[in-house]
Amino acid sequence: MIYLIGFMGCGKTSTGIELACLLGCPFLDTDQLIVDREGMSIPDIFAKEGERGFRKIETAVFRDLSGDTKDAVVSCGGGAVLRDENVILMKKSGRVIRLSADARTVYDRVKGDSNRPLLMSPDPLSRIRELMAEREEAYSRASDITVATDGLTPAEVASRILAVLTK
Ligand code: S3P
């Protein structure tokens, strides 16, 4: 498995689709797997079950993925690194690649998107900075490799990842 981790708006999904195409393997997205499993949107899960409930479902998805024998590129929700169990499962079953971006880049990519409950704030840029700082250590501890995505297209990021993987 190749797990793409990193903050919201770092391009995990768009890069993951490109990378899966280059590698000729399936692409999976933990948020999409959660939505399929629950039959509800991410904002509805947060509203109904809270962040705690969402994280429980997310871990159940990681348990399933790590037991899957078929390789895939997996785009992981931005908060997946917050639970040690998820990180242990990822490390045990694949390579963990972190995508990074400046807070401003993230803001430009996610503004106007109502699908991310944690950024529903009167001042989303400050919220992004705050959450990024809180999570920095968890991202760096969880990852084998980091690729900065500022100013790059998803195809460019994917080919950089491929270069590292095949080195
Ligand atoms: C979250 C990131 C989202 C989604 C949920 C929580 C987070 O995924 O899992 O809204 O805690 O950073 P993306 O990183 O794909 O936006």
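Scroll up to find the structure this text is about.
What comes next is a walk through the structure. (Residues numbered from 1 in each chain as written. Predicted model: local features only at pLDDT ≥ 70, side-chain atom pairs only at ≥ 80, totals over all residues. Heavy atoms only, no water.)

1. As for helix H5 (residues 103–110)
Going by this rule: Classification of residues uses two cut-offs on accessible area relative to the type maximum, computed with a 1.4 Å probe and protein chains only: under 20% is buried, over 50% is exposed, and between them is partly exposed. A run of H or I in DSSP becomes a helix once it reaches four residues, and a run of E becomes a strand once it reaches two; helices and strands are each numbered from the N terminus. Throughout, the arc means the angular range of directions from the helix axis out to the C-beta atoms. It only takes one pair of heavy atoms within 4.5 Å for two residues to be counted as in contact.
Of the positions making up H5, those classed as buried are Ala-103, Thr-105, Val-106 and Val-110. Projected down its long axis, H5 shows its buried positions confined to an angular sector of 160°, all on one face. Residues of H5 that are buried sit in contact with helix H6 (124–142). Positive backbone phi, at 85°, marks Gly-112, one or two positions downstream of H5.

2. So, the pattern of salt bridges
Selection criterion: What makes a salt bridge here is a side-chain nitrogen of Lys or Arg within 4 Å of a carboxyl oxygen of Asp or Glu, nothing more.
Applying the stated criterion to the full structure yields 10 salt bridges. When the shortest N-O distance is used, the salt bridge between Asp-108 and Lys-111 registers 3.2 Å. Where salt bridges share partners, they join Glu-51, Arg-55 and Glu-58 into one cluster.

3. A look at the site of the ligand
Stated formally: We call a residue near a molecule or strand when any one of its heavy atoms sits within 4 Å of it. Two N or O atoms form a polar contact when they lie within 3.5 Å of each other; inside protein one atom must be a possible hydrogen donor and the other a possible acceptor, and for residues adjacent in sequence the pair counts only when both atoms belong to side chains. Here the open area of atoms and residues is found with the Shrake-Rupley method and a 1.4 Å probe, where only the protein chains shown may cover a residue. Residues are sorted three ways: Asp, Glu, Lys and Arg are charged, Ala, Val, Leu, Ile, Met, Phe, Trp, Tyr, Cys and Pro are nonpolar, and all the rest, Gly among them, are polar.
In the neighbourhood of the ligand, 13 residues make up the surrounding shell, with Lys-12, Asp-31, Arg-55, Arg-116 and Arg-135 lying closest. Between Asp-31 and the ligand, the recorded distance is 2.6 Å, taken from a side-chain N or O atom to an oxygen atom. The protein chains hide 96% of the 390 Å² of surface that the ligand would expose on its own. The leading source of residues in the shell around the ligand is helix H3 (residues 42–66), at three residues. Taken together, the residues that form the shell around the ligand break down as five nonpolar, three polar and five charged.

4. Looking at the packing of aromatic side chains
Operational definition: Each Phe, Tyr or Trp ring, with Trp reduced to its six-membered ring, pairs with another whose centre is within 6.5 Å; inter-plane angles below 30 degrees give stacked pairs, above 60 give edge-to-face pairs, and intermediate values give tilted ones.
Enumeration over the complete set of coordinates arrives at two aromatic pairs. On the basis of an interplanar angle of 35° and a centroid distance of 4.8 Å, the ring pair of Phe-46 and Phe-54 is categorised as tilted. For the pair Phe-46 and Phe-54, a shared accessibility class is recorded, and that class is buried.

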